[in-house]
Amino acid sequence: MESELSVRDVLTTDYVGVSESDAIRDVVRLMREERTSCALVVRGAEPVGIVTEWDVLGLVADARDPGETTVGDTMTTPVITVGPDRSLTDVATTMARQNIRNVVVEDEDGIVGLVTQRDVIAAAGSFQATMTPARSSEPPVDREPGATAAARASEEGDAQLRPNGGDEYTTQGVCEACGSLADSLWDANGQLVCADCRTV
């Protein structure tokens, strides 16, 4: 069995770095050019904060001028940092508990990169694909006369992913049709899809 994914396996090494004195308008332009949802605020080589889409929305909601407002006045601080060898499951749990969408990855030499919510979702989608049970058109063969489906399932082991009550899967994952994260997936024409795509 493969070992669990670590932060190093999914982190984004390219990130936008800005300083506390930069104007938010300039940072937003840079974020749009780089097609990123956040900018890391650094003082030398030390991460001191982060500016996210939500921070910018808060600035707009407060009717503050983005040309006159600095990163230091808007950024979220402190940043949550993790090591590159930390398990992705632990980091995803931390992100959910802290209600954040980005963590900074640091080692003894400094900043290594970022793990974003998108990185976690993409990794979950890849993991979901590896956990999808094989679909066979051949009927199962009883090993013993009169063996029940429950007995066969017990023999096969509980670790295998199985449908829950028909074609609904109990694991959270990424819809293979629209790419959105869904709490439950259904088998539809050989694809695992969300409730919305299932009705299409």
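Going along each chain's sequence as written, the residues are numbered from 1 onward. Restriction of local features to residues with pLDDT of at least 70 applies here, the model being predicted, together with a cutoff of 80 or more for giving and counting side-chain atom pairs; totals for whole chains, interfaces and linings are based on all residues. Only hydrogens and water are set aside when side-chain values are computed; all heavy atoms of the structure are taken into account.

This part is about the overall build of the chain. Put simply, DSSP H or I for four residues or longer makes a helix, DSSP E for two residues or longer makes a strand, and each gets a number counted from the N terminus. Helix and strand counts for the chain come out as 8 helices and 11 strands. Relative accessibility decides the category of a residue: with a 1.4 Å probe and only protein chains considered, values under 20% of the type maximum give buried, values over 50% give exposed, and everything between is partly exposed. Looking at the chain as a whole, 32% of its 200 residues are labelled buried. By definition in these notes, contact holds between two residues if any of their heavy atoms fall within 4.5 Å. Sequence separation of 24 or more characterises 47% of the internal contacts of the chain that already satisfy a separation of 6 or more. Just so you have it, the chain exposes about 12700 Å², and 48% of that area is on carbon and sulfur atoms. Note on areas: Shrake-Rupley, 1.4 Å probe, and residue coverage restricted to the protein chains presented here.

Okay, the pairing of strand 6 (residues 110–116) next. Of all 7 residues in strand 6, 5 are buried, a share of seventy percent or more. DSSP-based pairing: two strands are paired if at least 2 bridges between them are found. Pairing of strand 5 (residues 102–107) with strand 6, which is carried by 6 bridges, proceeds in the antiparallel orientation. Bridging across to strand 6, Val104 finds its partner in Leu114. Hairpin connection of strand 5 to strand 6: 2 residues between the antiparallel strands.

Looking now at the sheet that holds strand 2 (residues 38–43). The sheet built from 3 strands is open, its strands ordered 1-2-3 with mixed pairing. Where the open sheet ends on each side, the last strands, each with one partner, are strand 1 (17–18) and strand 3 (46–52).

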